[in-house]
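# Architecture and fold: a report
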Amino acid sequence: MTLLALSMEHVQYLLDRKSAGRLKRKYLNVLQGDKEADEEVWYQQARQYRLDGWSFAGGVGTDGGPYRIIRRLLTLRDDGLLGSGLNWVHLLKQTQLRWAPVLTAMQRGIQRSIGAEDFKITYDSSTPYQEAGKRERFVEAPALGPSLVGWHFKYHKFPTTFGVATAAVPLSLATATCTAQKCTMCQSQGSHLDAPLLSPIAQLLTIQDLLERKGNLITRRGSVLADEVLINHNVFTVVEGIIRANEAVFSATPNAPQELIDAAGMVADICNRQSWHTTLTYHRTFLEKAVAYRPSKNVL
Ligand SMILES: [Zn+2]
C-alpha cells in the first residue's frame, strides 16, 4: 500500500468519527509531495477528504518556498477548499523572521479574498527546543531594522565550564559583559556570554543558578532547571521576534527592509486576483530571495 493510500485510509477513519460526532479536536489533512508532480497526485486524492483544514509538509510547504505555498493556497481557495470549516492552514518546520511578514500577508490575502476573518495560517518548529535541550544553545534577541542583516535567529553556546560554574561572583544572564570588576572570562575573552539573555525568566537568574553541578569532572553541568530555562528563553525570544518582525512590516510606521515590505505588497496583490498564475510566476524569484529561500535537491 502506498503512503498516499495509507494516509487517506487514516483520514477516512477520522472523517467517520467526525460524522459520528466523536471527534473532540480539530484535524488537518496533510498535503505532501516534494516534487511538483507528486504534490499534484497527492492533492487530487487528498482534496476529496475535508477535515478542519490543511497542513503543508515538505516541498508543499516550507521546503518548497513561498511560490509553491502561495500556488497551493490559491488553488485550494479556487477549488472552494478554504474557509467555512476549512479555515486553518499549518506549515511544518517554520519559524524564520524573514518568512513571518510574508506568511502574514498570505493569511490576510486569503482572509480578504474569501471574506473569512477567522482563516488562520499557523506554523511551528522544534529548533528552539532542540537547540536548548540537545545542544545547550540559547538564541539572541534579534535587532530588526531596515537592513536585512540581523533578520535571522542566531544561536550561541551557553558557557558551562568548571571556571564559570564555580565563579565567586554570580554573573547575571541579562548582561554579556561585566562592567565594574571583570570576571576571568571577560578579562580573557571580553565577555562571558556571546549575547545577553533578555527573556523574562532569564533576567531573574544568573549563569551559576543554571550550573548546579559544580564538580570538576562533570560532563554536563547544566541542570534540569538549566534545560527548562534555556528552552523557555528560546521559545519566548523566537515568538517575540516573530511578533516584532510582523510589527516592523505592518505597523503604521514600518521599520523593515524594503524587500520584505515589497514582498508583503506583492502577496496581497496576487491574492487579490482571480487570475493570479502569471503575476505569481513573475514575482517568484523576488519572493524567494526576500525570505532567503534556497531549494534543496529533493524538491527540484
Ligand atoms: Zn564577565
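Just so you know, these numbers come straight off a predicted model, no measurement behind them.

## Brief notes about the packing of helix 3 (residues 65-78) against helix 4 (residues 99-114)
- As a packed pair, helix 3 and helix 4 sit with axes 11 Å apart at the nearest point and diverge in direction by 15°. Put simply, helix 3 runs roughly parallel to helix 4. Crossing handedness for the pair helix 3 and helix 4: right-handed. Residues Gly 65, Pro 66, Ile 69, Ile 70, Leu 73, Leu 74 and Arg 77 of helix 3 form the contact with helix 4, whose own contacting residues are Trp 99, Met 106, Ile 110, Ser 113 and Ile 114.
- Split into classes, the residues belonging to the contact of helix 3 with helix 4 amount to nine nonpolar, two polar and one charged.

## Let's talk about the pattern of salt bridges
- Taken as a whole, this structure holds 15 salt bridges when the rule is applied.
- Residue Glu 39 pairs with Arg 68 through a salt bridge whose shortest N-O separation is 2.7 Å. You can see Glu 39 sitting in helix 2 (residues 36-46) and its partner Arg 68 sitting in helix 3, a full 29 residues away along the chain. In terms of burial, Glu 39 and Arg 68 fall into one category: buried.
- The residue Asp 63 makes a salt bridge to Lys 93 at a minimum N-O spacing of 3.1 Å. Linking Asp 63 in the loop between strand 2 (54-56) and helix 3 with Lys 93 in the loop between strand 3 (88-91) and helix 4, this pair joins segments that are 30 residues apart in sequence.
- If you follow the salt bridges from partner to partner, you end up with Glu 36, Glu 39, Glu 40, Arg 68, Arg 71 and Arg 72 in one network.

## Some words on the sheet that holds strand 2
- Across the sheet, which stays open at both edges, the four strands sit in the order 1-2-3-4 with parallel pairing between neighbours. Either end of the sheet is taken by a strand with one partner, and the two such strands are strand 1 (29-31) and strand 4 (120-123). Strand-to-strand twist in this sheet, taken as the mean axis angle between neighbours without regard to direction, amounts to 25°.
- Pairing analysis gives three bridges linking strand 1 to strand 2, with the strands arranged parallel. Its bridge partner being in strand 2, Val 30 is matched across the sheet by Ser 55.
- In the packing of helix 4 onto the sheet, contacts are made with strand 3 and strand 4, and the angle to strand 4 comes to roughly 155°.

## Focus: the packing of aromatic side chains
- Across all of its chains, the model carries one aromatic pair by this definition.
- Relative to Phe 158, the ring of Phe 138 lies with its centre 6.3 Å away and its plane at 85°, an arrangement referred to as edge-to-face. Taken together, the residues span a long stretch of sequence, with Phe 138 in strand 5 (residues 137-140) and Phe 158 in the loop between strand 6 (154-157) and helix 6 (162-165) at a distance of 20 residues. Accessibility assignment for this pair places Phe 138 and Phe 158 in one class, buried.
- Its guanidinium or amino end placed over the ring of Tyr 43, Arg 72 lies 4.2 Å from that ring's centre, counting from NZ or CZ.
- Over the aromatic face of Phe 250 sits the side chain of Arg 108, whose NZ or CZ is 4.5 Å from the ring centroid.

Rules used throughout
- Residues numbered from 1 in each chain as written.
- Predicted model: local features only at pLDDT ≥ 70, side-chain atom pairs only at ≥ 80, totals over all residues.
- Heavy atoms only, no water.
- Axes fitted to C-alpha atoms, helices over the stretch in contact; angles between N-to-C directions.
- Helix = DSSP H or I, 4+ residues; strand = E, 2+ residues; numbered from the N terminus.
- Parallel < 35°, antiparallel > 145°, perpendicular 65-115°, else oblique.
- Left-handed = near helix turned anticlockwise from the far one by under 90°.
- Contact = heavy atoms within 4.5 Å.
- Nonpolar A, V, L, I, M, F, W, Y, C, P; charged D, E, K, R; others polar.
- Salt bridge = Lys/Arg side-chain N within 4 Å of Asp/Glu carboxyl O.
- Buried < 20%, exposed > 50% of the residue type's maximum accessible area, 1.4 Å probe, protein only.
- Pairing = 2+ DSSP bridges.
- Phe/Tyr/Trp six-rings, centres within 6.5 Å; stacked < 30°, edge-to-face > 60°.
- Lys NZ or Arg CZ within 6 Å of the ring centre and 35° of its normal.

Any functional reading would require information that these geometric values do not contain.
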